[in-house]
Amino acid sequence: MTRRWLIDLPTRIHLWTAEQEIRHRTSSHPERLRNLDVLREYRKSRAFPRNDTSLGRTPYFVDRAGRHCAVGQLMRGSGDEQLVRRIAADANLARIDDMDPVVLSGWTERSGLTKRELARIQPQYPNETQWVVNLMLWTSFLMIPYALLAAGLNRMPPDRREARMTVLAGTVALLTALTFVACPYVLPGGEPAALVTAAWFVALLGPAIVAFLLVNQVRRGRADPVTLPGTAGLVMGAVGSVLAAAYVVLGLLWTPEPEPQRGSDPLWVPPPSGGASSTPGFLVPAGLVGLVAGLVVLVGFVRLRRRTA
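It should be emphasised that the depicted structure is a prediction, and the values quoted were computed from it without experimental measurement.

Trainee: So what exactly am I meant to see when it comes to the overall build of the protein chain here?
Mentor: Helices and strands together make up the secondary structure of the protein chain, namely 11 helices and zero strands. In sequence order, the secondary structure elements of the protein chain are arranged as α-α-α-α-α-α-α-α-α-α-α. Relative to its full complement of 309 residues, the protein chain shows a buried share of 44%. Contacts in the protein chain between residues far apart in sequence, at least 24 positions, make up 75% of those at least 6 positions apart. Here the protein chain has roughly 16,200 Å² of accessible surface; of this, 64% comes from carbon and sulfur atoms.

See below:
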């Protein structure tokens, strides 16, 4: 239940911002406000499609269980079931901009919404492999604040144990909450698979569990509280660097599939994939930032260990 709520959260935010943006535009069309009210109820219902395809981040007009996307729900709410069935049959995974304008024009005029606004409303859903590269990038960035935590603990006097434990617990709790919020954007929008669910729990609870185990080892005298922060920072820098480097390399080597082109045919209708990419997307510049940050952390803790050796 909680994971489904998290996965739906980005779609709900997308629909809310689209609704507010469109409501602030002046229009006297009688159907416009009614459609926006329908959109609001649709957002609250959370009856969103589940991307059970192997395609990339893509819209899904009507999924196999009969759940409609936001635009499909607006058409359905206005009684245009035949139009919904036609789009679902011919361009179920197409973006609004790629759909046949002749098919959309009649309903668009009646709805009081422009084609651009419909494109703004239409959400997209990630594929099954996107979460892997997203999690790699997120984890590499997550190592940076943990490394800063280790550096801060290393500078605190060893006799201030309670203060060290408070800083450790507070930072881990904050970053765990941040991961909790970020999970909907990192993980896919399809039905949860065992591996995806396991990765979610590791990303969410892993740092807290590791911190608890390390504190327990220190209290039992099995770990040195003086050298432990430096060692932990070194490991975090190494992990962050490796993950960021792997992300950048994959982003540079992974070639996305070309999208089908509209051409000069005004009645062109995209294939069922709607031009959606079957490969995950990469933010290579962000990966480079993570790599540089990880290397800086790694070098810094290597120099620290050499000074204290």
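Trainee: Help me out: how do you make sense of the packing of helix 2 (residues 30-45) against helix 3 (residues 70-77) in this one?
Mentor: For any two helices packed against each other, one specifies the inter-axial angle together with the distance between the axes. Two elements in contact, helix 2 and helix 3, have axes whose closest approach is 10 Å; the angle formed by their N-to-C orientations is 125°. With respect to their mutual orientation, helix 2 and helix 3 come out oblique. For the element pair helix 2 and helix 3, the recorded crossing hand is right-handed. Touching R34, N35, V38, L39 and Y42 of helix 2 are A70, Q73, L74 and G77, all from helix 3. When its residues are assigned to classes, the contact of helix 2 with helix 3 shows five nonpolar, three polar and one charged.

Trainee: How should I be thinking about unusual backbone geometry in this particular structure?
Mentor: For residues other than glycine, phi is negative in most cases, and the peptide bonds are mostly trans. Even without being glycine, R46 reaches a positive phi, approximately 60°. Inspection of the secondary structure puts R46 in the loop between helix 2 and helix 3.

Trainee: In this structure, what is going on with the packing of helix 2 against helix 5 (residues 101-111)? I would like to understand it.
Mentor: Between helix 2 and helix 5, whose axes approach to 7 Å, the crossing angle comes to 95°. Compared by their axis directions, helix 2 and helix 5 come out roughly perpendicular. For the pair formed by helix 2 and helix 5, the contact residues are E31, R32 and N35 on the first element and W107, R110 and S111 on the second. Residues that form the contact of helix 2 with helix 5 fall into these classes: one nonpolar, two polar and three charged.

Trainee: Would you mind going over the nonpolar core with me for this structure?
Mentor: Across soluble globular proteins, nonpolar side chains show a tendency to be buried alongside one another. Core analysis: the largest hydrophobic core is formed by 28 residues, its most contacted members being L39, F61, V71, M75, I87 and I121. When residues of this core are traced back to their parent elements, those giving at least two are helix 1 (2-23), helix 2, helix 3, helix 4 (81-90), helix 5 and helix 6 (115-121). Setting aside anything within four residues of it in sequence, one finds M75 in contact with F61, D80, L83, V84, I87, L104 and W107. Counting 18 residues, the second largest nonpolar core, distinct from the first, contains L149, L153, V172 and F301.

Trainee: Looking at this structure, how should I read helix 10 (residues 228-253)?
Mentor: The end-to-end C-alpha distance of helix 10 is 38 Å, a good match for the 38 Å that 26 residues give at a rise of 1.5 Å each. Buried residues of helix 10: P229, G230, A232, G233, M236, G237, G240, S241, A244, Y247, V248 and G251, and no others.

Trainee: It is not clear to me how a nonpolar patch on the surface should be interpreted in this structure. Could you clarify?
Mentor: A surface patch of nonpolar side chains, about 400 Å² in accessible area, is lined by L205, I209, F212 and L213. Note that L205 resides in helix 9 (residues 194-219).

Definitions and limits used
Residues numbered from 1 in each chain as written. Predicted model: local features only at pLDDT ≥ 70, side-chain atom pairs only at ≥ 80, totals over all residues. Heavy atoms only, no water. Helix = DSSP H or I, 4+ residues; strand = E, 2+ residues; numbered from the N terminus. Buried < 20%, exposed > 50% of the residue type's maximum accessible area, 1.4 Å probe, protein only. Contact = heavy atoms within 4.5 Å. Areas by Shrake-Rupley, 256 points an atom, 1.4 Å probe, with all protein chains shown as cover. Axes fitted to C-alpha atoms, helices over the stretch in contact; angles between N-to-C directions. Parallel < 35°, antiparallel > 145°, perpendicular 65-115°, else oblique. Left-handed = near helix turned anticlockwise from the far one by under 90°. Nonpolar A, V, L, I, M, F, W, Y, C, P; charged D, E, K, R; others polar. Core = buried A, V, L, I, M, F, W, Y, C linked by side-chain atoms within 4.5 Å. Expected span 1.5 Å × (residues − 1). Patch = residues over 30% accessible without salt bridge, like charges linked within 9 Å, V, L, I, M, F, W, Y side chains within 5 Å. Salt bridge = Lys/Arg side-chain N within 4 Å of Asp/Glu carboxyl O.

Don't take any of this as a statement about function, it's just geometry.
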